[in-house]
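Structural characterization, general
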Amino acid sequence: MIAQHYNLIHVENNLLKQIKIKENQLKIAEESNLLYVAEGLQNELLKLQCQLSEPLDSEPLDSEPLDSESEDVEIQALMSLLDD
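A brief structural summary.

Thresholds, definitions, all that
The numbering scheme is per chain: residues are counted from 1 as the chain's sequence reads. Local features in this predicted model are restricted to residues of pLDDT 70 or higher, and side-chain atom pairs are both shown and tallied only at a pLDDT of 80 or more, whereas totals for entire chains, interfaces and linings draw on every residue. As a convention, hydrogens and water are excluded, and side-chain values are obtained from all of the structure's heavy atoms. The way it works is that DSSP assigns letters per residue, a run of H or I at least four long becomes a helix, a run of E at least two long becomes a strand, and they are numbered from the N terminus. Every helix has an expected span of 1.5 Å times one less than the residues it contains. A 1.4 Å probe rolled over the protein chains alone gives each residue an accessible area, and that area as a share of the maximum for its type sets the label: buried under 20%, exposed over 50%, partly exposed in between. Summarising the geometry, the arc corresponds to the directions from the helix axis toward the C-beta atoms. Think of a nonpolar core as a cluster: buried Ala, Val, Leu, Ile, Met, Phe, Trp, Tyr and Cys residues, connected wherever their side-chain atoms sit within 4.5 Å. Residue contacts follow a heavy-atom distance rule, with two residues in contact if any of their heavy atoms lie within 4.5 Å. The rule for a salt bridge is simple: a side-chain nitrogen of Lys or Arg has to be within 4 Å of a carboxyl oxygen of Asp or Glu.

**With respect to helix α2 (residues 35–53)**
Spanning 19 residues, α2 covers 27 Å between terminal C-alpha atoms, matching the ideal 27 Å at 1.5 Å per step. Along α2, the residues classified as buried are Ala38, Leu41, Leu45 and Leu48. The arc that holds the buried residues of α2, viewed along the axis, is 85°, so those residues lie on one side. Opposite the packed face of α2, turned more than 90 degrees from it, sit the exposed residues Leu35, Tyr36 and Lys47.

Structure below.
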């Protein structure tokens with residue numbers, strides 16, 4: 001029971017982190033006038049927000065382990081945007 005609760009918290013935290021990264025990527029794309037990239041990021045952001053609003057009682061999503069909170073999310077967003 002405790003492990004299941006921990007997994008749900010982990011999934012929710014991971015989704016919140018992914019949403020923050022997508023928001024930063026979207027901001028960068030909009031500032032750089034990358035219209036198609038921004039449109040795609042908006043769609044991905046909506047999907048993540050929908051996942052967050054869904055009940056988390058189902059199986060946990062595949063997720064990467066959370067790194068320390070001190071990780072710079074903006075740099076991660078920029079680097080993954082450049083990878084795309």
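Anyway, onward from the coordinates.
**Examining the nonpolar core**
The nonpolar side chains of a soluble globular protein tend to be buried with one another. By size, the foremost hydrophobic cluster in this structure holds ten residues: Val11, Leu15, Ile19, Leu26, Ala29, Ala38, Leu41, Leu45, Leu48 and Leu81. Broken down by secondary-structure element, the contributors of at least two residues to this core are α1 (2–31) and α2. Those residues within four positions of Ala29 in sequence are excluded, and the remaining contacts are Leu34, Val37, Ala38, Leu41 and Leu81.

**Describing the pattern of salt bridges**
Side chains that differ in charge, positive against negative, can pair when their charged atoms come close. Evaluated as defined, the whole model comprises one salt bridge. Note that Lys22 is salt-bridged to Glu44, the shortest N-O span being 2.6 Å. In this pair, Lys22 is assigned in helix α1 and Glu44 in helix α2, connecting sequence segments 22 residues apart. A relative accessible area of 16% means that Lys22 is categorised as buried. A residue is classified by how much of its surface remains accessible, and Glu44, at 35% relative accessible area, is partly exposed.

**Re the environment of Ala38**
Mapping Ala38 onto the fold places it in helix α2. Ala38 sits in the buried class, given a relative accessible area of 8%. The sequence separation of Ala38 and Lys27 amounts to eleven residues, and the corresponding C-alpha distance is 8.1 Å. Not counting residues up to four positions away in its chain, the partners in contact with Ala38 are Leu26, Ala29 and Glu30.

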